[in-house]
Amino acid sequence: GENVEQHPSTLSVQEGDSAVIKCTYSDSASNYFPWYKQELGKGPQLIIDIRSNVGEKKDQRIAVTLNKTAKHFSLHITETQPEDSAVYFCAATTYSGNTPLVFGKGTRLSVIA
Amino acid sequence: EPEVTQTPSHQVTQMGQEVILRCVPISNHLYFYWYRQILGQKVEFLVSFYNNEISEKSEIFDDQFSVERPDGSNFTLKIRSTKLEDSAMYFCASSKWSYGYTFGSGTRLTVV
């Protein structure tokens, strides 16, 4: 089955700096890669996703890149703000069929004002 | 924006007791899921449900667990005889297709 590794486990950045979180996946059949943000006491919230037919996707300050050959995908947050502080999870699955979403272990991002 | 609603937000139960965790998925969604998250750990898949039957389940989802969609709007997770190690946050999720999950806010289950 799919295995998703995520690094780093914790990340502290100064407000205004960029943050990068990296994930690798094992199953070459995976073709859908969402990123979730989890704030304290809440459920994971989808912030951006990418399918394997594109290499990069951007939404305002958030971007995701995908390298299918290396089975790597990364989340980039620019101009970080204190409200970006949360736990971020990457995940992988196929967007057809019944393969469940498999999560990485999460990255606790702290943005220091 | 449509939400997945979970109740209760916190449940405390005695070891060996049965608990039912409830979820109301988004109304036009077809796929339903339960995940759990032990404190400080990653979100783990338990079970997926589609077309009124289980479509996939993990090793965690053993005979003490069951799911049901009793009335077309609710989606429940039953744990028959709770153990201390069942203490976790349980998240329900739903999706219109087999991706793009929306998660609820979770039920914190504490087994004492």
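In short, a report on the structure. (Residues numbered from 1 in each chain as written. Chains lettered and ligands numbered in written order. Predicted model: local features only at pLDDT ≥ 70, side-chain atom pairs only at ≥ 80, totals over all residues. Heavy atoms only, no water.)

## A word on the state of the cysteines
Residue and element names in this part refer to chain A.
Okay, so step 1: Within this structure, the stated rule accounts for two disulfides over all chains.
Okay, so step 2: Here Cys 23 engages in a disulfide with Cys 90; their sulfurs sit 1.9 Å apart. Across the S-S bond of Cys 23 and Cys 90 the torsion is about -100°, and the bridge reads as left-handed. Linking Cys 23 in strand S3 (residues 19-25) with Cys 90 in strand S9 (residues 86-92), this pair joins segments that are 67 residues apart in sequence.
Okay, so step 3: Overall, Cys 23 belongs to the buried group, its relative accessible area being 2%. (Disulfide = S-S within 2.5 Å. Helix = DSSP H or I, 4+ residues; strand = E, 2+ residues; numbered from the N terminus. Buried < 20%, exposed > 50% of the residue type's maximum accessible area, 1.4 Å probe, protein only.)

## Quick look at unusual backbone geometry
Okay, so step 1: Following A:His7, the chain continues to A:Pro8 via a peptide bond in cis, the omega torsion being -5°.
Okay, so step 2: By the secondary structure assignment, A:Pro8 is in the loop between strand S1 (4-7) and strand S2 (10-14).
Okay, so step 3: Along the chain, B:Thr7 connects to B:Pro8 via a cis peptide bond; the corresponding omega equals -10°.
Okay, so step 4: Positive phi, close to 45°, is recorded for A:Glu79, a residue that is not glycine.
Okay, so step 5: Relative to the helices and strands, A:Glu79 resides in the loop between strand S8 (72-77) and S9.
Okay, so step 6: For A:Glu79, a relative accessible area of 51% puts it in the exposed group.
Okay, so step 7: One non-glycine residue, B:Asn51, lies in positive phi territory at about 55°.
Okay, so step 8: As for its position among the elements, B:Asn51 is in the loop between strand S5 (44-50) and strand S6 (53-57).
Okay, so step 9: With relative accessibility at 60%, the residue B:Asn51 sits in the exposed group.

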